[in-house]
Every structure is written in C-alpha cells, then in structure tokens.
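# Breakdown of the fold
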Amino acid sequence: ESGESGDLCMIAPEGKIILIPLLLFVLAGTGIQAYYPSEGLKWINLALAALTLFSLYFFRDPQRIPPNNNGFLSPADGKVVQIINVEDEEIGPAKQISIFLSVFNVHRQRVPLSGKVISKQYNSGKFLAAFNHKASLDNEQMVVAFETEKGKQNKIKQIAGLIARRIFNYMEPEFMVQRGERLGFIRFGSRVDIIVPADFQINVNLGDAVLGNQTIIGRF
C-alpha cells in the first residue's frame, strides 16, 4: 500500500562533502589529460568518473508524496530482515521491525507519523555488517523516540553498518514533526529499526522490499 512517487529527485545535501571533491578531481584530471595524454591518467580519470556517477546515484533524494491515510510510513528504503518481539525500557512489550539498507537503496530517513520528539540518544558502538542482527544492539546508532498525535509511542533507530561511518539526524526533543519530514540520513550501507508497542498491527512480512515515505509498515 503506497502513494504515488513525486517526479523530482534531488541530491541529498549530506553528499556534498564527497561529491564536490570528486567532481573537482574529475574536471582537473580531464584538463590535465587534454594537455598531457597518458594511458595511466586516462584510467584514473575513468575510475574517478565511475565513482562520481555512483556517488550521485547513492546520494539521490527522491521527493515522494506519502499516501493520504493514517498509516505508519516506512522511515527508510530497504528490505525487511527481522520482525521480533522485544522489551523496550520506555514502551514496554514491543515489536521490532528491522530494515536493511544496501548501498543501492536511498539512504534518506523520514518521520513515519506526525507527533512530538520526546527523546534522542546517541550510542557509540561497533560497525558490524548491517544485515547481522547483532548490529541492532552492538553497532553505533541514533535512537529517536516519538509520541504521535494520539499519544502512541514509537522509536526509530538509525544504525551504522560495516562501511557506514556517519549518521545524520535532524530531530531534537520537543520538536513537533510532520509525517514524511526529513528525519536524517545514513552515509552508505546501514540498518533502520522500528520499535512499536506490542499491539501494533504490522502490514509487512519478512523479506518485503519497502520504500521510505511510501510503504505502510502498519497501524496503531
């Protein structure tokens, strides 16, 4: 169950620190190659150009229109790799839905439901491969707790992966946020966990591909 995707795809500002130097290197290398032709330099330029194209693809940020309903949106693109029962300190008996993001997925995260940010916590940790379920507990992560407009609590965990080394998060306690608003960005392969109360009705299955700001994860 999803809405229509927008027709605009931007480049995430979180990628500028990587994209701008790459573009400058490609331009400089092309200029040098024009005056001093070299087979070795040619292959270096081709490799840099390929890396630049991949980075442009990786940092794409599609502007998607969320479906017009009250469903809990997927906060991220990826594949559902785990659905388990957990005990959360604040929520109590809960369910955890884990989404694995490969380097080919959009890495923007968005707010699943309108409401209020009630806490934000950074936990340092390891950099296990994000498809490893131990990553949910052991890896570096940013955890944001929300309370919906109807008083329902939920949490979103942004989890670093094997090659992810930077988590961006734009939430702060007491912020009032809107469904579909930018929550953050994780640079390169990663994992996003959703923590919801035990009575949450899940609308996805293990192995499903989900789209951030489009797929309905479930409903309170």
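Criteria and thresholds
- Residues numbered from 1 in each chain as written.
- Predicted model: local features only at pLDDT ≥ 70, side-chain atom pairs only at ≥ 80, totals over all residues.
- Heavy atoms only, no water.
- Core = buried A, V, L, I, M, F, W, Y, C linked by side-chain atoms within 4.5 Å.
- Buried < 20%, exposed > 50% of the residue type's maximum accessible area, 1.4 Å probe, protein only.
- Helix = DSSP H or I, 4+ residues; strand = E, 2+ residues; numbered from the N terminus.
- Contact = heavy atoms within 4.5 Å.
- Polar contact = N/O pair within 3.5 Å; in protein donor to acceptor, adjacent residues only side chain to side chain.
- Pairing = 2+ DSSP bridges.
- Salt bridge = Lys/Arg side-chain N within 4 Å of Asp/Glu carboxyl O.

With 26 residues, the main nonpolar core has Phe72, Ile97, Phe146, Ile156, Met171, Ile194 and Ile217 as its most contacted residues. Every element with two or more residues in this core is listed here: strand E5 (92-101), strand E8 (141-148), strand E9 (153-160), strand E12 (182-186) and strand E13 (190-197). Phe146 has contacts with Val111, Lys116, Val117, Ile118, Lys152, Gln153, Asn154, Ile156, Met171, Val177 and Leu183, leaving out every residue within four places of it along the chain. Counting residues in hydrophobic clusters, the runner-up holds 6 residues, among them Leu19, Phe59, Phe168 and Phe185.

Okay, the side chain of His107 next. Summarising the element assignment, His107 is placed in the loop between E5 and strand E6 (108-110). Here Asn105 takes part through its backbone oxygen, which lies 2.8 Å from a polar atom of the side chain of His107.

Time to look at the sheet that holds strand E3 (residues 72-73). The strand order E3-E16-E14 describes an open sheet built from 3 strands, whose pairing is antiparallel. Pairing within the sheet leaves two strands with one partner each, and these edge strands are E3 and strand E14 (201-202). With 2 bridges joining them, E3 and strand E16 (residues 216-219) adopt antiparallel strand pairing. Bridging from a neighbouring strand, Phe72 pairs with Gly218 of E16.

Our focus in this paragraph is the pairing of strand E4 (residues 78-88). In the sheet, E4 pairs with strand E15 (residues 209-210) via 2 bridges, with the strands oriented antiparallel. Opposite Lys79, over in E15, you have Ala209 as the bridge partner. With 9 bridges joining them, E4 and E5 adopt antiparallel strand pairing. Its bridge partner being in E5, Ile84 is matched across the sheet by Gln96. Here E4 hands over to E5 after 3 residues, the two strands then running antiparallel side by side.

What follows covers the sheet that holds E8. One open sheet accounts for 8 strands, arranged E11-E7-E8-E9-E13-E5-E4-E15; its pairing is antiparallel. For this open sheet the edge positions go to strand E11 (176-177) and E15, each flanked by a neighbour on one side alone.

To continue, consider the pattern of salt bridges. Two side chains bearing opposite charge may form a pair once their charged atoms approach each other closely. In total, this model carries 10 salt bridges according to the counting rule given. A salt bridge links Arg64 to Asp77, with the nearest nitrogen and oxygen atoms 2.7 Å apart. Of this pair, Arg64 sits in the loop between strand E2 (60-62) and E3 while Asp77 sits in the loop between E3 and E4, placing them 13 residues apart in sequence. Note on Arg64: relative accessible area 14%, which makes it buried. A relative accessible area of 5% places Asp77 in the buried class. Two residues, Arg191 and Asp193, come together in a salt bridge whose shortest N-O distance is 3.3 Å. For the pair formed by Arg191 and Asp193, the shared burial category is buried.

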